[in-house]
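# Report on the structure
For reference, the chains in residue letters:
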Amino acid sequence: EVPKKIEGHSSSLQALGTFILWFGWYGFNAGSIHQVSTANHANIASLAAVSTTLGAASGCVTALGVSALLSLRRTGDVNWNLSDGLNGCLAGLVGITGGCGVFEPWASVLVGSIAALLYLSSSELLVKLRIDDAVDAIPVHLFGGLWGVIAVGFFASPRRLIDIYGHATHPGWFYSFTNGGSDASLLAANLVGLLFILAWVFFTMTPFFLMLSFCGWFR
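A brief look at the structure comes next.

## Describing the nonpolar core
Membership of the largest hydrophobic core comes to 28 residues, with the highest contact counts inside it found for Leu93, Phe103, Val111, Trp147 and Phe155. Those elements that place two or more of their residues in this core are helix H1 (4–29), helix H2 (39–75), helix H3 (82–97), helix H4 (105–128), helix H5 (137–155) and helix H8 (185–215). The contact partners of tryptophan 147, leaving out residues within four places of it in the chain, are Val111, Ile114, Ala115, Leu118, Phe154 and Phe155.

Listed below in structure tokens is the structure:
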């Protein structure tokens, strides 16, 4: 059993690490505009910062709340799991990154919340499959990242696309219905992109991991 003092110290370090990552994410998302020399650039950067905040916060609250409800159902007692909340925050950050400049604020909340739910469900799936992932990197980064790319195809706002790219020929799928049709071009393109990313990673990294396993260095 981990002594309470050590356990509390570990939780504090985990929380500090999460907030450091969260802070750095603003430089990554909002900073991707590269400049704020015009009002339009400033608006895009500020939207990215708002999306980053909402995605992380909603992911944290959703993961923490759902985790507590699950513990109540399973044990009869409510257990507020800080680790789930912090990883839900990171999942929200990962999920929001792909579309931080094209999401409306309400969509950012929804994307972050769904990313947290995917984190919780995929984390439990790995345990059932007996796959060792001590820091939940796969649920946070793989599943959160997959959802983030797909979410752009659903929630990319025409108004925000015009701000960045100057046109909104193919908006998010949900927005296309307002034009009297169903345009899933952006969603389809992102799904194809995901397939290429997965294939590239598989064929480039599998030999590397096989070599590590053969040499006994995989752990």
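On we go from here.
## Some points on the pattern of salt bridges
Scanning the model with the defined rule gives 3 salt bridges in all. For arginine 74, the salt bridge identified is with glutamate 124, shortest N-O distance 2.8 Å. Residue arginine 74 is located in helix H2, and its partner glutamate 124 is located in helix H4; the two are separated by 50 residues in the primary sequence. Among the charged side chains, a network of salt bridges with common partners joins Glu104, Arg159 and Arg160.

## A few points about the environment of alanine 184
Residue placement: alanine 184 occurs in the loop between helix H7 (173–176) and H8. It is 8.3 Å that separates the C-alpha atoms of alanine 184 and phenylalanine 154, two residues lying 30 residues apart in sequence.

## Brief notes about the packing of aromatic side chains
By the definition in use, this model includes 12 aromatic pairs. Both rings, one in phenylalanine 154 and one in phenylalanine 174, keep their centres 5.1 Å apart while their planes meet at 20°; by these two values the pair is stacked. Here phenylalanine 154 is found in helix H5, whereas its partner phenylalanine 174 is found in helix H7, with 20 residues between them in sequence. Given the relative accessible area of 17%, phenylalanine 154 is considered buried. Its relative accessible area of 39% is what places phenylalanine 174 among the partly exposed residues.

The rules behind the values
- Residues numbered from 1 in each chain as written.
- Predicted model: local features only at pLDDT ≥ 70, side-chain atom pairs only at ≥ 80, totals over all residues.
- Heavy atoms only, no water.
- Core = buried A, V, L, I, M, F, W, Y, C linked by side-chain atoms within 4.5 Å.
- Buried < 20%, exposed > 50% of the residue type's maximum accessible area, 1.4 Å probe, protein only.
- Helix = DSSP H or I, 4+ residues; strand = E, 2+ residues; numbered from the N terminus.
- Contact = heavy atoms within 4.5 Å.
- Salt bridge = Lys/Arg side-chain N within 4 Å of Asp/Glu carboxyl O.
- Phe/Tyr/Trp six-rings, centres within 6.5 Å; stacked < 30°, edge-to-face > 60°.

Interpretation note: all reported values are geometric properties and have no functional meaning in isolation.
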